[in-house]
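Close look at the chain arrangement
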Amino acid sequence: MRRWVLVGGAAAAIAACGALALVGHSGLAEHLLRAAALAGELGPAGVALYAAAFVVATLLLVPTASLEMAAGLLFVESYGLAAATALAGGSKLLACSVHFLLGRSLLRRHVE
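Residues numbered from 1 in each chain as written. Predicted model: local features only at pLDDT ≥ 70, side-chain atom pairs only at ≥ 80, totals over all residues. Heavy atoms only, no water.

A few points about the overall build of the protein
Formally: Counting from the N terminus, the helices are the DSSP runs of H or I reaching at least four residues and the strands are the DSSP runs of E reaching at least two. Exposure categories follow from relative accessible area, calculated using a 1.4 Å probe and restricted to protein chains: below 20% of the type maximum is buried, above 50% is exposed, and the middle band is partly exposed.
Helix and strand content of the protein: six helices and zero strands. The helix and strand sequence of the protein, counted from the amino end, reads α-α-α-α-α-α. Burial statistics for the protein: of 112 residues in total, 29% are counted as buried.

Topic: the nonpolar core
What counts is decided by this rule: We define the nonpolar core as a collection of buried residues of types Ala, Val, Leu, Ile, Met, Phe, Trp, Tyr and Cys that are connected through side-chain atoms lying within 4.5 Å of one another.
If you look at the biggest cluster of nonpolar residues, it comprises 16 residues, and the most contacted ones within it are Y50, F54, L67, A71 and F75. When contributions to this core are tallied by element, the ones reaching two or more residues are α3 (44–59), α4 (65–79) and α5 (81–104).

With respect to unusual backbone geometry
The phi torsion at L61 lies on the positive side, around 60°, for a residue other than glycine. Its place among the elements puts L61 in the loop between α3 and α4.

A few points about the confidence of the model for the protein
Segments scoring low in pLDDT should not have their predicted coordinates read at a detailed level. Rules: One confidence number per residue, pLDDT, is output by the predictor and ranges from 0 to 100.
Averaged over the protein, the pLDDT score is 76; the fraction of residues at 70 or greater is 71%. At the level of individual helices and strands, the protein shows its lowest average pLDDT in helix α1 (residues 2–23), which scores 54, and its highest in α5, which scores 91.

Digging into the packing of α3 against α5
Keep this limit in mind: Fitted lines through C-alpha atoms serve as axes, helices being fitted only where they are in contact, and the angles separating the N-to-C directions of these axes extend from 0 to 180 degrees. For classification purposes, angles smaller than 35 degrees are called roughly parallel, those larger than 145 roughly antiparallel, those between 65 and 115 roughly perpendicular, and all remaining angles oblique. Handedness of a crossing follows from how the near helix is turned relative to the far one, being left-handed for an anticlockwise turn of less than a right angle and right-handed for a clockwise one. Any pair of residues with heavy atoms lying within 4.5 Å of one another is described as a contacting pair. Residues were grouped as follows: Ala, Val, Leu, Ile, Met, Phe, Trp, Tyr, Cys and Pro as nonpolar; Asp, Glu, Lys and Arg as charged; and all remaining residues, including Gly, as polar.
Where α3 meets α5, the closest approach of the two axes is 9 Å, and the angle between their N-to-C directions is 45°. When the axis of α3 is compared with that of α5, the two are oblique. The two elements α3 and α5 cross, and the hand of that crossing is right-handed. Residues V47, Y50, A51, F54, V55, T58 and L59 of α3 form the contact with α5, whose participating residues are L87, A88, S91, K92, L94, A95, V98, H99 and L102. Of the residues contributing to the contact of α3 with α5, the split by class is 12 nonpolar, three polar and one charged.

What follows is the structure, given as C-alpha cells:
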C-alpha cells in the first residue's frame, strides 16, 4: 500500500511540475478552465478529466473557485444540480486526500 502511495504521489508531483513548466503560472488557470470546458463535452470521461484538473490546480496552488463554478456551468444540464455540486465537492475532497497523502509520504521530512 505504501509503495502505491509513493508512486501516486510521485506521478502527481511530476505532472504538476510538467504542467507548470509547460504553461507558466500566469496562464495556468486559463488552461485549467479550458480543460474543465473540454470535460463538459466528453460526458462521463469528462468527469474524470475535471477531477484530475481540479487536483492539479490545487497542487499548483491555483484558487479553485473558478473551477467549482465551472462544474456548475458544465455539468448541471447533463447531470443535475445535486450531481454537479457533488462532483465539485468530491473533486475538492480528492484533492485534499492527495495533499494529505503527499504530506504523509513524500514530503514527510519537509513537514516535520
